[in-house]
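Chain by chain, the residues run as shown.
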Amino acid sequence: MHFQPLALHKVKAQVIYDFSAEPGNNELTVREGETVTVLNQNVGGGWIEAQNSRGESGLVPEDYLQVANGDNPWSGGGAYTNKTAGGWDTQGYAQTQQNAGDDDDDGEWDEEWDDARSTGGYGETTGEEEGEATGRNTHTHMKISLNKFAFSKIPNPEVYLLAKLPPKGKDRLAIYMGDVGPVWLYPQSPLDCVVADPKKGSKMYGLKSYIEYQVTPNTTNRPVNHRYKHFDWLYERLLEKFGSAIPIPSLPDKQVTGRFEEEFIKMRMERLQGWMCRMCRHPVVSNSDVFQLFLTYRDEKEWKTGKRRAEKDECVGPMVFSTIDPEAPELDIIEVEQKCELFSRFTKEMDDGVKDLLNVGNIHWKRCTGPLRKEYQKIGKAFQNLSSVFNTSGYTGEATLTDALTAAGKTYEEISQIVAEQPRKDLHFLMETNNEYKGLLGCFPDTIGVHKAAIEKVREGDKMVAAGKITTQDKGTMAKRISIMCYSLQAEMNHFHSNRIYDYNRVMQLYLEEQIRFYETIAEKLKQTLGQFTTL
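What counts, and at which threshold
Residue positions are given per chain, counted from 1 along the sequence in the order it is written. Under the rules for a predicted model, residues below a pLDDT of 70 receive no local features and side-chain atom pairs below 80 are neither given nor counted, while totals for whole chains, interfaces and linings still include all residues. Only hydrogens and water are removed before side-chain values are computed, so all heavy atoms of the structure are retained for them. For helices, the fitted line uses only the C-alpha atoms of the stretch in contact; every axis is such a line through C-alpha atoms, and the angle between N-to-C directions lies from 0 to 180 degrees. Runs of H or I in DSSP of at least four residues are treated as helices and runs of E of at least two as strands, each being numbered from the N terminus. Each angle receives one of four descriptions, namely roughly parallel if under 35 degrees, roughly antiparallel if over 145, roughly perpendicular if within 65 to 115, and oblique otherwise. Left-handed describes a crossing whose near helix is turned anticlockwise from the far helix through less than a right angle; right-handed describes the clockwise counterpart. Any pair of residues with heavy atoms lying within 4.5 Å of one another is described as a contacting pair. For this classification, Asp, Glu, Lys and Arg are treated as charged, while Ala, Val, Leu, Ile, Met, Phe, Trp, Tyr, Cys and Pro are nonpolar and the rest, including Gly, are polar. What is meant by a nonpolar core is a set of buried Ala, Val, Leu, Ile, Met, Phe, Trp, Tyr and Cys residues, joined one to another through side-chain atoms within 4.5 Å. Throughout, exposure labels follow a simple rule: accessible area from a 1.4 Å probe, protein chains only, divided by the maximum for the residue type, with under 20% read as buried, over 50% as exposed, and the rest as partly exposed. By this rule the span expected of a helix is its residue count minus one, scaled by 1.5 Å. Each polar contact in these results corresponds to two N or O atoms within 3.5 Å; when the atoms are within protein, one needs to be able to donate a hydrogen and the other to accept it, and residues that are neighboring in sequence are counted only if both atoms are side-chain atoms. By salt bridge we mean one thing: a side-chain nitrogen of Lys or Arg within 4 Å of a carboxyl oxygen of Asp or Glu.

Two elements in contact, helix α5 (residues 262–280) and helix α7 (residues 289–296), have axes separated by 12 Å at closest approach and are oriented at 135 degrees. By the criterion of interaxial angle, the relationship of α5 to α7 is oblique. Judged by the sense of rotation from one axis to the other, the crossing of α5 with α7 is left-handed. In contact with Met 276, Met 279 and Cys 280 of α5, α7 contributes Phe 291, Phe 294 and Leu 295. For the contact of α5 with α7, a count of residues per class yields six nonpolar, no polar and no charged.

It is the contact of helix α10 (residues 371–391) with helix α11 (residues 399–425), at a shortest axis distance of 8 Å, that shows an interaxial angle of 170 degrees. On the basis of the axis angle, α10 is roughly antiparallel to α11. Read as a crossing pair, α10 and α11 show a hand that is left-handed. Residues belonging to the contact of α10 with α11 are distributed by class as follows: 13 nonpolar, ten polar and four charged.

Let us now look at the nonpolar core. In this structure, Phe 231, Leu 234, Leu 238, Ile 248, Met 276 and Phe 291 are the most contacted members of the largest nonpolar core, which totals 82 residues. The element contributing the most residues to this core is helix α15 (residues 472–530), with 13 residues. For Phe 231, the residues in contact, after removing those within four places along its chain, are Val 195, Tyr 213, Val 215, His 226, Leu 251, Leu 272, Met 276 and Phe 294. Judged by nonpolar contacts, the second largest core, of 19 residues, contains Ile 16, Val 30, Trp 47 and Tyr 64.

We now examine helix α9 (residues 333–369). Here α9 contains 37 residues, and its C-alpha end-to-end distance of 54 Å stays within 8% of the 54 Å for a straight helix at 1.5 Å per residue. Residue Asp 332 occupies the N-cap position of α9, its side-chain oxygen lying 3.0 Å from the main-chain nitrogen of Ile 334.

This model, assessed by the stated rule, comprises 26 salt bridges. A salt bridge links Asp 352 to Lys 348; the nearest nitrogen and oxygen atoms lie 2.9 Å apart. Separated by four residues within a single helix, Asp 352 and Lys 348 lie in helix α9, roughly one turn from each other. Lys 348 sits in the partly exposed class, given a relative accessible area of 47%.

The next thing to look at is the side chain of His 282. Within the secondary structure, His 282 sits in the loop between α5 and α6 (283–286). Note on His 282: relative accessible area 4%, which makes it buried. Once residues within four sequence positions are removed from consideration, His 282 is found in contact with Trp 184, Ile 246, Glu 492 and His 495.

Okay, here's the thing in structure tokens:
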């Protein structure tokens, strides 16, 4: 089945990345450097119908094609259409994703910009690394991150500092003084949810497939179904509404190929679970209307109505501070600046530490599954080879020794397999936690940037009064509001620190318990082997 092109003019495009078609998805396998003809550029969801020189046609990701003159002929554009010296030009991707949203009046999502993210697993050599090592073209193995960027620009806090605020309604976000300082008001019953039961579905008469997950909150115990792009929509709404005050980590990265493989689905589900748990644990995010809608909608009508309402929410960006109501005295701007700088310094240093641990862990993972495993195998083979040599001596009475040597060799081969499998049992969870914190810490510079921009604006208060841009009363209002912003930042700091302490305690206990079990297993195998050798 072919789509009918909308125009008689056939656009020629060059393939800039290899793409392997998924069976049964009406996709077309193409190779870098190949020239194809664009048959239909309005398929939707980031796909183009194209035909190769052999007359075969099918769907190809639009981001993998570039027209000969360098212009992009399809609306929405391609994200990675120009190669640069340092890799790929990513300009324009945010706009591409914005155009791929829900623009239909009936609230239907026809775009297919879900089901295309990479696992970002550990211990695998990326195409970039292989290219550096061998000097070969390795685009075939390159996993291109298609994830959206958070803030491309720091939101202007002036819209809050000088705005006429509406009266605080039910969205009031309370902050009170706890033992550690300002803290958010936490619910009595913590929210949690389970992401499970991934199932494959299809649309466009079976031409396009997707994975749908069941999300079950502990408040209702009633599952709701969501595709990846629904999670993506939720992320966008949370980022838009709370990003100025609360770091909203991004979702797992996108990828185009291999998205229906069992290992990928399992990894994506695990990371979606982690992301949802992180959101559930935040008292502000978890209690928001848009998050509750995502977890508890009862039917399609309620989902669409709530979705439209969330998209029309005007209390977004810096205006979210207008809903915050700290029960604390006003802070001096110098104190505000000091607290901001302190936390900024800490998050930067922690980010460096997390990246270092991820790098070390990744190297160790590769070593366990590669060189270290082979070393144990070689030791095992060497023992068995020596045993075979001993068997040729013809000497009577050495059978016990040769059998023991053979057993020792087999033991080391077993140990090689245990070593290769161990990272999935212990290092995996440590790496996933650090990967999660890497994403979370990457959001802080922009969130802190909003506060720093507000501090600068308040510092200009006297100049603005002298220039007649604001009144003395406006200056006082700005000072009160920067104090509110600081209390929200401190509440977020304390939320982050309490979660950090809990998460790293938990994951380090798990890691060390598994490490102990690992070494005990090896020690037991070596003891059993030792017992087969006679004492002289």
